[in-house]
Amino acid sequence: MKVKVKSSFVKRFESGYPLISEESLQKLNGDIAEGTLIEVINDQNKFLGKGYYGKQNKGRGWILTRNQKENIDQAFFEGKIKKALDQRKSFFRDSDTTAFRVFNGEGDGIGGLAIDYFDGYYLMTWYSEGIYTFKNEVITSLENLTKFKGLYEKKRFDAKGSYMEDDDFVAGERAEFPLIVKENGMHFAVYLNDGAMVGVFLDQRDVRKRIRDTYAKGKSVLNTFSYTGAFSVAAALGGAVKTTSVDLANRSKSKTIEQFAVNGIDFESQDIIVEDVFHYFKYAVRKQLKFDMVILDPPSFARSKKHTFSAGKDYPKLLEQAIEITEKEGIIVASSNCSTFDMKKFKSFIEKAFTQSGHTYKILEEYGLPKDFKTIKEFKEGNYLKVAIIKKLT
Ligand code: SAH
């Protein structure tokens, strides 16, 4: 099937941009079924690329090849997945790390699909019903190319974007959960069959290592939006005197205790607090608490009872509050996974927050996605992670 794109978008596609956005398409005659193979053309019927149709937020599909003769078939999927696996050889060889991404969507040539490796098990994440129609091709590829113990999947595409599956097991043998994976020698308990999230965000691997190896020793550490406490674990293993983890979700407490426990850390000597971070900041100011290191890794968007937080708008204010409770010469690890702004903008947020609060700072290091989260220069939004390690000077 052929679909026409608006003339103002043609240049983008010609330069290799892979995402077919809703607004780039000319009016369609009727519906296109999810997973339909489409040829993207301009007004003069010139071929721009070939891919599949699939609704993913404002996306309507992905270009998979710009070669008109290439077929999108089993061999195509297998070729892309083989190349991706080959590029992760150093990860497979590293016995200290048994959890990493083996296929990162458009970065590895197929937008809408991610595959993560967890100690012999593979987790496929499908971002649209369209890509899900290629499930058999992907499974067959993994059967042909790997010696997996088992396959699991997450579907991220039902009506409200909410998570509804009750069994994510697909093939092979079932794992016993928690599955204990390693990351640079740290341990993490993961659950591949218990909701939308597995318990650890693999894209922060390099940052966790850096916190453990370089910044944690002898420090008091506040980890906000701590989820399962992965940054707290890294800090504790790196010799932090004490960690304080704060997250709003009730389940975060038992999950954090578990992550400490599987690393042999006495969780009773750590603080794990279930609370709104914004309340906690007020409390800390009132009690004149100060930390040597504050970690800030909020979601892009969150709504709590009293608060709506949108990273693109509210990050500077959040950072101001963190600055206030960070010791002089202390470290702030500021992170955002929000894809609507880039590192340059993120640094302007940092500048704004420090200017407002009347303190000076120096950015010691910057991090983006680790190399298993492969990205392409033609799709900058894919490189969503921004982390700045900041020293508060005065
Ligand atoms: N930093 C974590 C990942 C954070 S995910 C890690 O590295 O693993 C975002 C977390 O923010 C979720 O666990 C969510 O429960 C929490 N959250 C969202 N809004 C919050 C708020 N207002 N106060 C505290 N936690 C919040």
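The following refers to the structure shown.

Rules of the game
Residues numbered from 1 in each chain as written. Predicted model: local features only at pLDDT ≥ 70, side-chain atom pairs only at ≥ 80, totals over all residues. Heavy atoms only, no water. Helix = DSSP H or I, 4+ residues; strand = E, 2+ residues; numbered from the N terminus. Rg over C-alpha atoms; globule rule 2.2 N^0.38 Å. Buried < 20%, exposed > 50% of the residue type's maximum accessible area, 1.4 Å probe, protein only. Contact = heavy atoms within 4.5 Å. Areas by Shrake-Rupley, 256 points an atom, 1.4 Å probe, with all protein chains shown as cover. Lys, Arg positive; Asp, Glu negative; His and termini not counted. Charge placed at Lys NZ, Arg CZ, Asp CG, Glu CD. Axes fitted to C-alpha atoms, helices over the stretch in contact; angles between N-to-C directions. Parallel < 35°, antiparallel > 145°, perpendicular 65-115°, else oblique. Left-handed = near helix turned anticlockwise from the far one by under 90°. Nonpolar A, V, L, I, M, F, W, Y, C, P; charged D, E, K, R; others polar. Salt bridge = Lys/Arg side-chain N within 4 Å of Asp/Glu carboxyl O. Near = heavy atom within 4 Å. Polar contact = N/O pair within 3.5 Å; in protein donor to acceptor, adjacent residues only side chain to side chain. Phe/Tyr/Trp six-rings, centres within 6.5 Å; stacked < 30°, edge-to-face > 60°. 1 Å grid on protein atoms, 1.4 Å probe; cavity = no way out; pocket = protein on both sides within 12 Å on 5 of 7 lines; lining within 4 Å. Points joined across faces, edges and corners; volume = space filled by probe spheres on them. Pairing = 2+ DSSP bridges. Core = buried A, V, L, I, M, F, W, Y, C linked by side-chain atoms within 4.5 Å. Arc of directions from axis to C-beta.

Remarks on the overall build of the protein
Part 1: Looking only at helices and strands, the protein has 11 helices and 21 strands in total.
Part 2: For the protein, whose C-alpha radius of gyration is 22 Å, the value lies close to the compact-globule estimate of 21 Å for 394 residues.
Part 3: Taken along its principal axes, the extent of the C-alpha atoms in the protein is 65 × 50 × 35 Å.
Part 4: Relative to its 394 residues, the protein shows a buried fraction of 53%.
Part 5: Here the contacts in the protein between residues at least 6 apart in sequence split such that 61% fall between residues at least 24 apart.
Part 6: Approximately 18500 Å² of the protein is accessible, and the part contributed by carbon and sulfur atoms is 48%.
Part 7: Taken as two groups, the 62 positive and 54 negative side-chain charges of the protein have centres that lie 5 Å from each other.

Describing the packing of helix α2 (residues 74-87) against helix α5 (residues 135-145)
Part 1: Two elements in contact, α2 and α5, have axes separated by 9 Å at closest approach and are oriented at 50°. Between α2 and α5, the interaxial angle falls into the category oblique. Our pair here, α2 against α5, has a crossing hand that is right-handed. From α2, Gln74, Phe77, Glu78, Ile81, Lys82 and Leu85 reach across to α5, where they touch Asn136, Glu137, Val138, Thr140, Ser141, Leu142, Asn144 and Leu145.
Part 2: Partitioned by chemical class, the residues of the contact of α2 with α5 number 6 nonpolar, 5 polar and 3 charged.

Quick look at the pattern of salt bridges
Part 1: This model, assessed by the stated rule, comprises 20 salt bridges.
Part 2: Put simply, Asp372 and Arg205 hold a salt bridge, and the shortest N to O gap is 2.7 Å. With Asp372 in the loop between β20 (361-367) and β21 (386-392) and Arg205 in helix α6 (residues 205-215), the pair connects residues that are 167 residues apart, well separated along the chain.
Part 3: Given the relative accessible area of 0%, Asp372 is considered buried.
Part 4: A salt bridge links Glu365 to Arg210, with the shortest nitrogen-to-oxygen separation between them at 2.9 Å. One end of the pair, Glu365, is in strand β20; the other, Arg210, is in helix α6, with 155 residues separating them in the sequence.
Part 5: Connected via shared salt-bridge partners are Lys82, Asp86 and Lys89.

Quick word on the site of the ligand
Part 1: Neighbouring residues of the ligand: 15 residues in total, closest Phe225, Asp247, Leu248, Val277 and Asp297.
Part 2: Between the ligand and Asp276 there is a distance of 3.2 Å, counted from a nitrogen atom to a side-chain nitrogen or oxygen.
Part 3: Residue Asp297 places a side-chain N or O atom 2.8 Å away from a nitrogen atom belonging to the ligand.
Part 4: Contact with the protein chains removes 90% of the 580 Å² of surface that the ligand exposes when unbound.

Digging into the packing of aromatic side chains
Two aromatic rings, taken as a pair, are described by how far apart their centres are and by the angle between their planes.
Part 1: Tallied over the full model, the rule gives 25 aromatic pairs.
Part 2: For the ring pair Phe92 and Phe100, a centre distance of 4.9 Å and an interplane angle of 90° mean the geometry is edge-to-face.
Part 3: Given a relative accessible area of 34%, Phe92 falls into the partly exposed group.
Part 4: The exposure class assigned to Phe100 is buried, which follows from its relative accessible area of 0%.

Focus on the layout of surface pockets
Part 1: Empty space within the second largest pocket amounts to approximately 380 Å³.
Part 2: Elements that contribute at least two residues to the lining of the second largest pocket include exactly β5 (59-65) and α2.

What to know about the sheet that holds strand β7 (residues 113-118)
Part 1: Spatially, 5 strands are ordered β6-β7-β8-β9-β10 in an open sheet, and the strand pairing comes out mixed. Edge positions in the sheet fall to β6 (99-104) and β10 (169-172), since each of these pairs with one other strand and no more. Adjacent strand axes in the sheet meet at a mean angle of 20° when their direction is disregarded.
Part 2: In this sheet, β7 lies alongside β6 in antiparallel orientation, the contact comprising 5 bridges. In the strand pairing of β7, Phe100 is matched with Tyr117.

A few points about the nonpolar core
Part 1: Counting 40 residues, the largest nonpolar core has Phe118, Leu179, Leu192, Ile211, Met293 and Val333 as the members making the most contacts within it.
Part 2: If you list the elements that add at least two residues to this core, you get β8 (121-126), β11 (179-183), β12 (186-190), α6, α7 (230-237), β16 (291-296), β19 (326-336) and β21.
Part 3: With 6 residues, the top contributor of residues to this core is α7.
Part 4: One finds Ile115, Tyr132, Phe134 and Val138 within the second-largest nonpolar core, a separate group that totals 32 residues.

Some thoughts on the side chain of Ser128
Part 1: Within the secondary structure, Ser128 sits in the loop between β8 and α4 (129-132).
Part 2: Among the polar contacts listed, one links the side chain of Ser128 to the backbone nitrogen of Ile131, at a separation of 3.1 Å.
Part 3: When near neighbours in sequence (up to four residues on either side) are disregarded, Ser128 contacts Glu34, Tyr52, Gly54, Lys55, Gln56 and Phe157.

Some thoughts on helix α9 (residues 277-286)
Part 1: Of the residues making up α9, those classed as buried are Val277, Phe278, Tyr280, Phe281 and Ala284. Buried residues along α9 cover an arc of 155° about the axis, so they all sit on one side. Set apart from the buried face of α9 by more than 90 degrees, the exposed residues are Lys282 and Arg286.
Part 2: Here the buried face of α9 lies against β13 (220-224), β14 (242-247), β15 (271-274), β16, β18 (308-310) and α10 (311-324).
Part 3: N-cap assignment for α9: the residue whose side-chain oxygen lies 2.8 Å from the backbone N of Phe278 is Asp276.

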